[in-house]
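Residues per chain, in single letters:
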Amino acid sequence: MTAGTRRPLAHPRPRPSSPYTAVGADRGLSVVALGGGHGLAANLRALRHLADELTAVVTVADNGGSSGRIRAEMPVLPPGDLRMALSALCEDSDWGVVWRDVVQHRFRTDGELDGHALGNLLIVALWQILGDPIAGLDKVGELLGARGRVLPMALEPLDIEARVADPDGTVRTVRGQAEVAVATGRVEELRLVPDAPTVPVEVLDAIGGADWIIIGPGSWYTSVLPHLMIPELAEAIRTSPARRCITMNLAAGTSETAGMDSSSLLDALLEHADGIRFDALIADPTLRDDSFDLAEHAERHGIQALLRQVSVGSGRPVHDPVRLAAAYRDVFDGVYGDVSDLEPTAPGEPAADDTEPRKETREAHGTDR
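For the structure given in this document, a descriptive report is provided here. (Residues numbered from 1 in each chain as written. Predicted model: local features only at pLDDT ≥ 70, side-chain atom pairs only at ≥ 80, totals over all residues. Heavy atoms only, no water.)

## Describing the sheet that holds strand β8 (residues 243-247)
The test is simple: Two strands make a pair as long as DSSP finds a minimum of two bridges between them. Comment: elements are numbered from the N terminus, with helices defined as DSSP H or I runs of at least four residues and strands as E runs of at least two. Axis definition: a line fitted to C-alpha atoms, limited for helices to the stretch in contact. Angles are taken between N-to-C directions and run from 0 to 180 degrees. The contact definition used throughout considers only heavy atoms, calling two residues in contact when any of these lie within 4.5 Å.
If you trace the seven strands from one edge of the open sheet to the other, you get β3-β2-β1-β7-β8-β9-β10, paired in parallel fashion. Looking at the sheet topology across the chains shown, the edges are occupied by β3 (149-152) and β10 (304-307). Averaged over all pairs of adjacent strands, the angle between strand axes in this sheet comes to 20°, irrespective of strand direction. Summarising the sheet, strand β7 (residues 212-215) and β8 pair through four bridges and their orientation is parallel. Its bridge partner being in β8, W212 is matched across the sheet by R243. In the packing of helix α12 (residues 291-300) onto the sheet, contacts are made with β9 (280-283) and β10, and the angle to β10 comes to roughly 160°.

## Regarding the sheet that holds strand β6 (residues 186-193)
Across the sheet, three strands lie side by side as β5-β4-β6; this open sheet has antiparallel pairing. Sheet topology places β5 (171-175) and β6 at the edges, where each strand pairs with a single neighbour. Averaged over all pairs of adjacent strands, the angle between their axes in this sheet comes to 20°, without regard to strand direction. Sheet topology note: the strand β4 (residues 159-165)/β5 ladder contains five bridges and is antiparallel. Bridged to R163 within β5 is T173.

## Focus on the pairing of β4
Basically, it comes down to this: Working definition: with a 1.4 Å probe on protein chains only, accessible area under 20% of the residue-type maximum means buried, over 50% means exposed, and in between means partly exposed.
For β4, the buried fraction is high: six of the seven residues fall into the buried class. Taken together, the seven bridges between β4 and β6 define a ladder with antiparallel strand orientation. Opposite V164, over in β6, you have V187 as the bridge partner.

## Quick look at the pairing of β8
For β8, the tally of buried residues reaches four of five residues, placing the bulk of the element in the interior. As judged from the three bridges shared by β8 and β9, these two strands associate in the parallel manner. Residue pairing for β9: I246 is matched across the bridge by L281.

## A few points about the side chain of D81
Put simply, the test is: Residues scored as charged are limited to Lys and Arg (positive) and Asp and Glu (negative), so that His and the chain ends carry no count. By convention in these notes, a salt bridge is any Lys or Arg side-chain nitrogen within 4 Å of a carboxyl oxygen on Asp or Glu. Think of a polar contact as two N or O atoms within 3.5 Å of one another; within protein, one of them needs to be a possible hydrogen donor and the other a possible acceptor, and neighboring residues in sequence only count if both atoms come from side chains.
By the secondary structure assignment, D81 is in helix α3 (residues 80-88). Summary of buried charges: D81 has no salt-bridge partner, and the nearest side chain of opposite charge, R83, is 7.0 Å away. One polar contact links the side chain of D81 to the main-chain amide nitrogen of G37, over a distance of 3.4 Å. Only 3.4 Å separates the side chain of D81 from the side chain of T59, close enough to count as a polar contact. Excluding anything up to four places from it in sequence, D81 contacts G36, G37, V58, T59 and Q177.

## With respect to unusual backbone geometry
Here the residue pair V193 and P194 is connected by a cis peptide bond, since its omega of -5° sits within 30 degrees of zero. Mapped onto the elements of the fold, P194 is located in the loop between β6 and α8 (201-208). Of note, the bond from G216 into P217 is cis; its omega dihedral lies within 30 degrees of zero at 0°. Within the secondary structure, P217 is located in the loop between β7 and α9 (220-224). One non-glycine residue with positive phi stands out, namely D274, at about 45°. By the element assignment, D274 lies in the loop between α11 (262-273) and β9.

## What to know about the packing of α11 against α12
Here is the rule: Roughly parallel here means an angle under 35 degrees, roughly antiparallel means over 145, roughly perpendicular means 65 to 115, and every remaining angle is called oblique. Charged means Asp, Glu, Lys or Arg here, nonpolar means Ala, Val, Leu, Ile, Met, Phe, Trp, Tyr, Cys or Pro, and polar covers whatever is left, Gly included.
At a closest axis distance of 8 Å, the pairing of α11 and α12 adopts a crossing angle of 30°. Regarding the angle of α11 to α12, the classification is roughly parallel. Contacts between α11 and α12 involve S262, S263, L266 and D267 from the former and D293, L294, H297 and A298 from the latter. Of the residues in the contact of α11 with α12, the class split is three nonpolar, three polar and two charged.

## Details of helix α2 (residues 65-73)
Taken residue by residue, α2 has S66, S67, G68, I70 and R71 as its buried positions. In this fold, the buried residues of α2 make contact with α3, α5 (118-130) and β4.

## Focus: the packing of aromatic side chains
To keep things clear, this is the line we draw: Note on aromatic contacts: the rings of Phe and Tyr and the six-membered ring of Trp form a pair at centre separations within 6.5 Å, being stacked when their planes are under 30 degrees apart, edge-to-face when over 60 apart, and tilted otherwise.
All chains considered together, the criterion is met by three aromatic pairs. Between W95 and W99, the ring centres sit 6.0 Å apart and the planes meet at 45°, which makes this aromatic pair tilted. With W95 and W99 both in helix α4 (residues 94-104) and four residues apart, the pair spans about one turn of that helix. Here W99 falls in the partly exposed class, since its relative accessible area comes to 22%. Note on W212 and F332: the rings are 5.2 Å apart at their centroids and 35° apart in plane angle, and the pair reads as tilted. Here F332 lies in helix α13 (residues 321-333) and W212 lies in strand β7, a separation of 120 residues in the sequence. There is no split in this pair, since W212 and F332 are both buried. The structure contains a cluster of three or more aromatic residues connected by ring pairs, namely W212, Y328 and F332.

Shown next, in the form of structure tokens:
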């Protein structure tokens, strides 16, 4: 099976357009999160507390590590970012915790299995058995009890190619997601190979029926921007009746985004968005000194900014799923003003142990960094 080929299942059966709906929800909040890697996983850990229908649309350009080795051996989609998204959707039950650890487990051996994630092998095995990448991912999600659906953004593996300018003025071409992610210099141009892959109809349906579309955080040029560069996918995002939110990274960029401030990152996204209107932006002012400038810059583009601590605290650039869920809840409810000293938690989650007084005013944040 190739990733771009959709063969009938050995035992045909109906496949729902969205296999997960929260108990008791007829047609509740529908959210689509775009991205890959740790950024998308952080989003999903937060959004699974809020969304009645949650769909992750995942980049499929990974060419490093276990995914790269599998991709070099078999003509399939790289499974790593898909696996990470599925893991993030596991519930905090005994079943969910065990299977989250199982799919994330990496073998440590002196042989060829060394470094492979078991979940990658499980996903590829189901792709081969079922002959359908979407059905295979749905089956893994069913096994894990995932609170949402994970879909690839394209039905064929992609390569990312960038023109990178070095400080001495030399311009070079860097190809491969892993290589672009660590490239030093300024990315001047980005392209996908192929540039117009087929987008799964399930992705288009999810975007068309969403209430909110979330893009970011994550590696800007290798996980976030690619979603805006596939014509069919970008058009679906542009024409969807959903509202759209940008979630900014917690820390200053390294390698591919080294030297870029938050406003420059937003500009790079908007340059690739080509007619896509964004409604909201979330940024953490406790870790980035330029968040207030970013908020003003975003509002000049008609984007309402919510400045809120969404990190775990102690200066670590790691998302707190409770705080991030609370920020998303306020964005979804249209609440952009001050918050109380104790921020409410997401359903079923304990309060964060380092909650501090936070207000969404420049003056308050100036003393809360």
